[in-house]
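Residue-level structure breakdown
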Amino acid sequence: MARFSTNPKLIKAGTGESAVYRLPLHGIEVSASASLDSVLEFFLQPKELQQAVNMLGLSLDDAEQLKSTFLILPENDGPALEGGLLAPADLCVGQAVPWRNLRTLALGTYCVIGAPFDFVSRLLRRPFGHHEVRKYLRFETPVAADSHPVVCDLGDIISPPQDGQALCGHRLEVATLETLRRGLIPIIIGGDHSLTFFSVRATHEYAGKIGILHLDAHHDRCSSQNSEAEDPLSHANVIRYALDGSSKVAQVVQLGVRDGPILSRGPTRTAEDPRVTVRTARQLTSIHADPAAAFEGINISLPWYITVDLDVLDPAFAPEVTTPRVGGLSLYAVADLLDVAVNRLNVLAIDFVEVSSFGTEYNQAAHCAAALVSRFVIAHWEKSLAIH
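Thresholds applied
Residues numbered from 1 in each chain as written. Predicted model: local features only at pLDDT ≥ 70, side-chain atom pairs only at ≥ 80, totals over all residues. Heavy atoms only, no water. Helix = DSSP H or I, 4+ residues; strand = E, 2+ residues; numbered from the N terminus. Rg over C-alpha atoms; globule rule 2.2 N^0.38 Å. Lys, Arg positive; Asp, Glu negative; His and termini not counted. Charge placed at Lys NZ, Arg CZ, Asp CG, Glu CD. Polar contact = N/O pair within 3.5 Å; in protein donor to acceptor, adjacent residues only side chain to side chain. Contact = heavy atoms within 4.5 Å. Buried < 20%, exposed > 50% of the residue type's maximum accessible area, 1.4 Å probe, protein only. 1 Å grid on protein atoms, 1.4 Å probe; cavity = no way out; pocket = protein on both sides within 12 Å on 5 of 7 lines; lining within 4 Å. Points joined across faces, edges and corners; volume = space filled by probe spheres on them. Nonpolar A, V, L, I, M, F, W, Y, C, P; charged D, E, K, R; others polar.

Quick notes on the overall build of the protein chain
Helix and strand counts for the protein chain stand at 11 helices and 16 strands. Since a compact globule built from 388 residues should have a radius of gyration of about 21 Å, the 22 Å found for the protein chain is in line with a globular shape. Between the centroid of the 32 positive side chains of the protein chain and the centroid of its 44 negative side chains there is a distance of 2 Å.

Examining the side chain of His193
Looking at the secondary structure, you find His193 in the loop between strand S11 (185–190) and helix H7 (195–207). Within polar-contact distance, the side chain of His193 engages the side chain of Thr307 at 2.7 Å. Every residue in contact with His193, bar those within four places of it in the chain, is listed here: His214, Asp216, Asp220, His235, Val238, Thr307, Asp309, Val353 and Glu354.

Thoughts on helix H5 (residues 130–137)
Across the 8 residues that make up H5, a large majority, 6, are buried. Of the positions making up H5, those classed as buried are His130, Glu132, Val133, Arg134, Tyr136 and Leu137. Where H5 is buried, its residues meet strand S9 (110–115), strand S10 (151–157), S11 and helix H11 (364–387).

Some details on unusual backbone geometry
Note the cis peptide between Gly190 and Gly191, where omega equals 10 degrees. Residue position: Gly191 is located in the loop between S11 and H7. You will see that Phe70, though not glycine, has its phi angle at about 65 degrees, which is positive. Mapping Phe70 onto the fold places it in the loop between helix H3 (60–68) and strand S6 (72–74).

Examining the layout of surface pockets
Quantified by volume, the largest pocket comes out at close to 530 Å³. Lining the largest pocket we find 21 residues, and of these Pro74, Asp77, Val174, Glu178 and Arg181 sit closest to its centre. Among the secondary structure elements, those contributing two or more residues to the lining of the largest pocket are H3, S6 and helix H6 (164–181). If one sorts the elements of the lining of the largest pocket by residue count, H6 sits on top with 6 residues. The space that makes up the second largest pocket amounts to roughly 330 Å³. Looking at the lining of the second largest pocket element by element, the count peaks at 5 residues for H11. When the residues that make up the lining of the second largest pocket are grouped by side-chain class, the tally is 12 nonpolar, 5 polar and 1 charged.

Nothing here speaks to function; it is all geometry.
Right, here's the structure in full:
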């Protein structure tokens, strides 16, 4: 059983009836009381929640409230969560929902999570286009044929560079896992593609064996043959890390790859792994009239995670990406692939990554990403309506 302890960043201000507990980085303020004082004192040393229920008469609902407001933290998550999990987004998609209100959301709500990660040095193109994607989502509001899907914005993962990749990634993992556990659909907008490792790990912790559908110009399975310290997790090896890090990744299907000679008709040269199927951009172009053909051999019994690197699109459609490569797919081709994926597979979560921000008035890659987010939500929502 998980053990919890009082958040060491918790501040008590005031006295008597005006006393409050504050977590400034979380934006949380809770009125103090004798009963809350007792509970927080009880958790100064790590305890199981059931102990507080048995010994203090704490209700399960009150325990849930303590967790969702970060007054108490899971023992293993303390360093990642004590300073904050999500910050409000400058521009929100749908309704802004504070993390503490996550449990109020209806099943099937689509939850946007910004992940402004950049842990790989780049001179010019940095993947901070998540704000831009949100901006264009105002014009690409998902509206299904028969009703409106519910979309909310949980904010951005707190990720100052000094916290490092592991700590910031763990925050994303916590947010993704808890969102899934509550029957919600995470839509993660990045950010450096390395973030996918953490959200994939949360997804297979939740669901067990999973598949990864990976739309990208690059296979992202690079290996330097060096130690992990010399070959850290990055946008260039995130799929290899996901495969090596867990036997729960049962299948990977990579679409749009063009790492080798761009005009090659065959698969690119990467380390062999029987779990991986590659369809190059040129192969997909030849079957564009039937996008379902790209999914031959896919295991439809698995739950799936989708990751979309916007450089899967040709630079004519999405020039503002971190590593553009000519010979890519059109916006309609990628939208058709997403449609087939959603209708054939049990998709639990999705991310859209590697959109850059150049401070220009118009960001075409961000607009394409917003259109694809909207298309995913509509297709997923319409499928859920048909099932129910």
